[in-house]
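Descriptive analysis of the structure
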Amino acid sequence: MKNLFLSAVIIFTVSLYAQQAKPMRYALQSIAAPQNTTPYGNNAAAGHYLISDDAKIYYEIYGKGTPVVVLHGGIFGSTFEMYHFIDSLRVNHQVIAISTRGHGKSELGNQPHTYQLKAKDAANVLNAVTKDSADVIGFSDGGYTGYMLASLYSSKVKKLVVIGAGERHPGDQRNAFTVKQALELDKPFWDQQLALMPDSKRLQELFTRVQEEFNVKLVADKKLFITIKCPVLVMVGDHDSFISVEHADHAAKFIPKGQLSVIPGAGHGAFLEKWSVAWPAVNYFLQH
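Scope of this entry: the structure provided in the associated data block. (Residues numbered from 1 in each chain as written. Predicted model: local features only at pLDDT ≥ 70, side-chain atom pairs only at ≥ 80, totals over all residues. Heavy atoms only, no water.)

A few words on the sheet that holds strand 1 (residues 47–52). Picture the strands of a sheet paired through backbone hydrogen bonds; they go either parallel or antiparallel. With mixed pairing, the eight strands of this open sheet are ordered in space as 1-2-4-3-5-6-7-8. Each edge of the open sheet is held by one strand with a lone partner, namely strand 1 and strand 8 (258–263). For this sheet, the mean inter-axis angle between neighbouring strands, taken without regard to orientation, is 20°. As paired strands, strand 5 (residues 134–139) and strand 6 (residues 157–163) are joined by five bridges and run parallel to one another. Counterpart to Val-136 in the pairing with strand 6 is Leu-160. (Pairing = 2+ DSSP bridges. Helix = DSSP H or I, 4+ residues; strand = E, 2+ residues; numbered from the N terminus. Axes fitted to C-alpha atoms, helices over the stretch in contact; angles between N-to-C directions.)

What follows is the structure, encoded as C-alpha cells:
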C-alpha cells in the first residue's frame, strides 16, 4: 500500500513538472520569450486561489515591495502576455498577477460579464494579499477593468497604467472573433489555455460573455473618467486597430490626472511590440 501511494505521488509530481516545464506562450506570439521566463499563469510555486462571489479566481505573487496588480487582456489574453512587466517589476515590487474570470485557471462563474464584477474580483484579491493600496497595470480588457477598479475602489489604487483601452461607446470597433477563428489563428496557444481552464467546454460561453459586454454594453466616457482621482497613464499604439489615438486621448483628458503616451509604429499590444519604448515611459510614470 505504501509503495502504491509513493508511486502515485511520483506520477503526479512528474505530470505536474511536465505541465509546468512546457514553455508558455501568449496569443499570436511572434517574438520568442527568453528561455528562462517563468511560466506565468501556470506556476504552482507562486499560485493562489480566492473565491470571489461565484467564481474561484487564480492569481500569482512574485517579489517583495510595494504592490503592483497586473491585469491581462480579454479572450486572447493571458497572464503570460504580461511577462515583460512581471519580470521587470518583481525585482523591487510585490507583483500580483491575476488571471481574470474565464481565463487561464480562473473560473468563469455564472454571473453576467461586467467590468464592475471583474473590478470586484481584483479588489477582493488585492484585499486578500495586502492592506496597502497598489499601482495597477491593465492591458485592453484589463485596462477597462483597471478604470473600473480605480473608480469604484479608489482607496486601493495609487496609480493606474492602461494600455490599449480608451473612450468607448456601443457601436465602436467590435471584438467579433469566433472560437473557430481563434483556433485557426493560434491553435498551440488555445491548446495550452484549454488545458489550464477549469471547464474548457465553456470557451464559447467566455467569448460570448466578453463580446456582449465589450460590443453592446460597455460605456467608458467622461462620466466614468472624471470619477478616477489617481494619476493615470493611458498608453496606445498609433496603429491600434481597436482603440484609436483620439479615443485614448479623450480618456486621458477627461481623467483629472490623466496623461497620454503614444507608441509609434505599434498596434494593440504596444508593449509587446515596442517594449524598449513602452517600458521607460511606464517605469518613469510609476516612479515619479
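Counted according to the given criterion, the structure contains 17 aromatic pairs. Aromatic side chains Phe-85 and Trp-275 sit 5.0 Å apart centroid to centroid with 80° between the ring planes, which places their arrangement in the edge-to-face category. Here Trp-275 lies in helix 11 (residues 275–287) and Phe-85 lies in helix 2 (residues 83–89), a separation of 190 residues in the sequence. Geometrically, the ring pair formed by Phe-85 and Trp-279 is edge-to-face, given 6.3 Å between the ring centres and 65° between the ring planes. (Phe/Tyr/Trp six-rings, centres within 6.5 Å; stacked < 30°, edge-to-face > 60°.)

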